[in-house]
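# Observations on the model geometry
Spelled out, the chains give:
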Amino acid sequence: MSKSKINIAIFASGSGSNARKIMEHFKNHPSVKVALVVSNKKDAGVLDIAKEYGIDTLTVSKSTFYETDNILTSLSDYNISFIVLAGFLLLVPQYIIRHFNKKIVNIHPALLPKFGGKGMFGIHVHEAVKEAGEKETGITIHFCNEHYDEGNVIFQARCPIFPHDTAQDIAKRVLSLEHEHFAKVIEQVLTI
Ligand code: GRF
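Residues numbered from 1 in each chain as written. Predicted model: local features only at pLDDT ≥ 70, side-chain atom pairs only at ≥ 80, totals over all residues. Heavy atoms only, no water.

In this section: the packing of helix α6 (residues 123–131) against helix α7 (residues 167–191). What describes two packed helices is the angle between their axes and the distance between those same axes. Taken N-terminus to C-terminus, the directions of α6 and α7 make an angle of 115 degrees; their axes are 9 Å apart at the nearest point. Classified by the interaxial angle, the pair formed by α6 and α7 is roughly perpendicular. Helix-helix and strand crossings are classified by hand; for α6 and α7 the assignment is right-handed. Together, I123, H126, E127 and K130 of α6 and A167, Q168, I170, A171 and V174 of α7 make up the contact between the two elements. Its residues assigned to classes, the contact of α6 with α7 comprises 5 nonpolar, 2 polar and 2 charged. (Axes fitted to C-alpha atoms, helices over the stretch in contact; angles between N-to-C directions. Helix = DSSP H or I, 4+ residues; strand = E, 2+ residues; numbered from the N terminus. Parallel < 35°, antiparallel > 145°, perpendicular 65-115°, else oblique. Left-handed = near helix turned anticlockwise from the far one by under 90°. Contact = heavy atoms within 4.5 Å. Nonpolar A, V, L, I, M, F, W, Y, C, P; charged D, E, K, R; others polar.)

The structure is reproduced here in C-alpha cells:
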C-alpha cells in the first residue's frame, strides 16, 4: 500500500489483457499505483497477472458483492480512491457507485451509446456490430453509474470495419485500440 500515491483498484472477471497494460503502464509511475486487483472469478487470468506484478488480489463471490458492503472495507484498507473496470462482468452495485462517485471508469468495446447494455459483452458486441452492417466501431471509456454501459463518456476511438471482417477480426482490432488508449486515458483522468 502507498499513502502518497493515488491508489487504484482494477476490477476484472477475465483474462485481463487490459489490466496487464494498466499494471505495466503504472509500474513505476510517480503518482499512481495499482494497489489491488479484484475479481469475482477465482480462476480469472487477471489474478495471475497481478501476482506477476506483485499486486495484491481479492476474490469476491457474487453474494458477498451484492449482499454485503464488505468490499468497501477492503478497498479502504488499501486506501483505494479510484476503480477501473477492465472486463468486469458484474453490474456494480449502488453502494459502491455512491461511495466512489465519479471515481469509477469502465471500458466498452464499441461506440456507446450503440451496442451497450446487459448481455453486450465480449464477442456478442462485435457480432451485433457486424449484424447491424456498421462501417466503423471502436472503444468507449466512460464513468460508471448504476446501469450497464451508461455514465458520461470520457473518450472514444474508432476503427473501420471491412466487408469481409468476421466478428473475431473486429474484436482483434478493437482490443488493440483498448490496449493503446485505456491506461493513458486513466492517467489523464487521474493527473489533470
Ligand atoms: C474488453 O474488450 C473490454 O472492453 C470489456 O471486456 C474486455 C476485457 O478483455 N469490458 P481483457 O480481459 O482485458 O482481455
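There is more to say after this.
Burial in helix α1 (residues 17–25) covers these residues: N18, A19, I22 and M23. For α1, the arc enclosing every buried residue in end-on projection is 135 degrees, short of the 170-degree limit, so these residues lie on one face. Those residues of α1 hidden inside the fold are in contact with β1 (6–11), β2 (32–39), α2 (45–52), β4 (80–85) and α7. (Buried < 20%, exposed > 50% of the residue type's maximum accessible area, 1.4 Å probe, protein only. Arc of directions from axis to C-beta.)

Turning to α7, a few remarks are in order. Over its 25 residues, α7 runs 36 Å from end to end, which matches the ideal 36 Å to within 8%, given 1.5 Å per residue. At H181, α7 shows its largest bend, some 35 degrees. Buried within α7 are the following residues: A167, I170, V174, L177, E178, H181, F182, A183, V185, I186 and L190. (Expected span 1.5 Å × (residues − 1). Bend = angle between axes of the 7 residues up to and from the residue.)

The subject of this paragraph is the packing of aromatic side chains. Scanning the entire structure with this criterion turns up 3 aromatic pairs. When the centroid spacing of 5.3 Å and the interplanar angle of 70 degrees are considered together, the rings of F11 and F88 count as edge-to-face. Of this pair, F11 sits in strand β1 while F88 sits in the loop between β4 and α5 (94–99), and the two are 77 residues apart along the sequence. F88 gets classed as buried once you look at its relative accessible area, which sits at 8%. Ring geometry for F65 against F88: centres 5.6 Å apart, planes inclined by 80 degrees, an arrangement best described as edge-to-face. Remark: F88 occurs in the loop between β4 and α5 and F65 occurs in helix α3 (residues 62–67); sequence separation between them is 23 residues. Each member of the pair F65 and F88 is classed as buried. These aromatic residues form a ring-pair network of at least three members: F11, F65, Y66 and F88. (Phe/Tyr/Trp six-rings, centres within 6.5 Å; stacked < 30°, edge-to-face > 60°.)

All right, on to the environment of M120 then. Mapping M120 onto the fold places it in the loop between β5 (104–108) and α6. Overall, the relative accessible area of 23% leaves M120 in the partly exposed class. In the structure, M120 is positioned 39 residues away from S81 in sequence and 28 Å away in space, judged by C-alpha atoms. Filtering out sequence-adjacent residues up to four positions away, M120 remains in contact with H108, F115, V125, A128 and D149.

This paragraph deals with unusual backbone geometry. For the bond running from L112 to P113, omega is 15 degrees, close enough to zero to count as cis. Examined against the element boundaries, P113 turns out to sit in the loop between β5 and α6. Not every positive phi belongs to a glycine, and N79 is a case in point at roughly 55 degrees. Within the secondary structure, N79 is located in the loop between α4 (70–77) and β4.

Spatially, the 7 strands line up as an open sheet ordered β3-β2-β1-β4-β5-β6-β7, and their pairing is mixed. Only two strands of the sheet have a single neighbouring strand rather than two, namely β3 (56–59) and β7 (153–160). Going from strand to strand, the sheet's axes swing by 20 degrees on average, the running direction of each strand aside. With 5 bridges connecting them, β1 and β4 associate as parallel partners. Residue pairing for β4: I8 is matched across the bridge by F82. Packed on one face of the sheet, α1 meets β1, β2 and β4 and runs near 165 degrees to β1. (Pairing = 2+ DSSP bridges.)

From the geometry alone we can't say anything about function, so treat these as descriptive.
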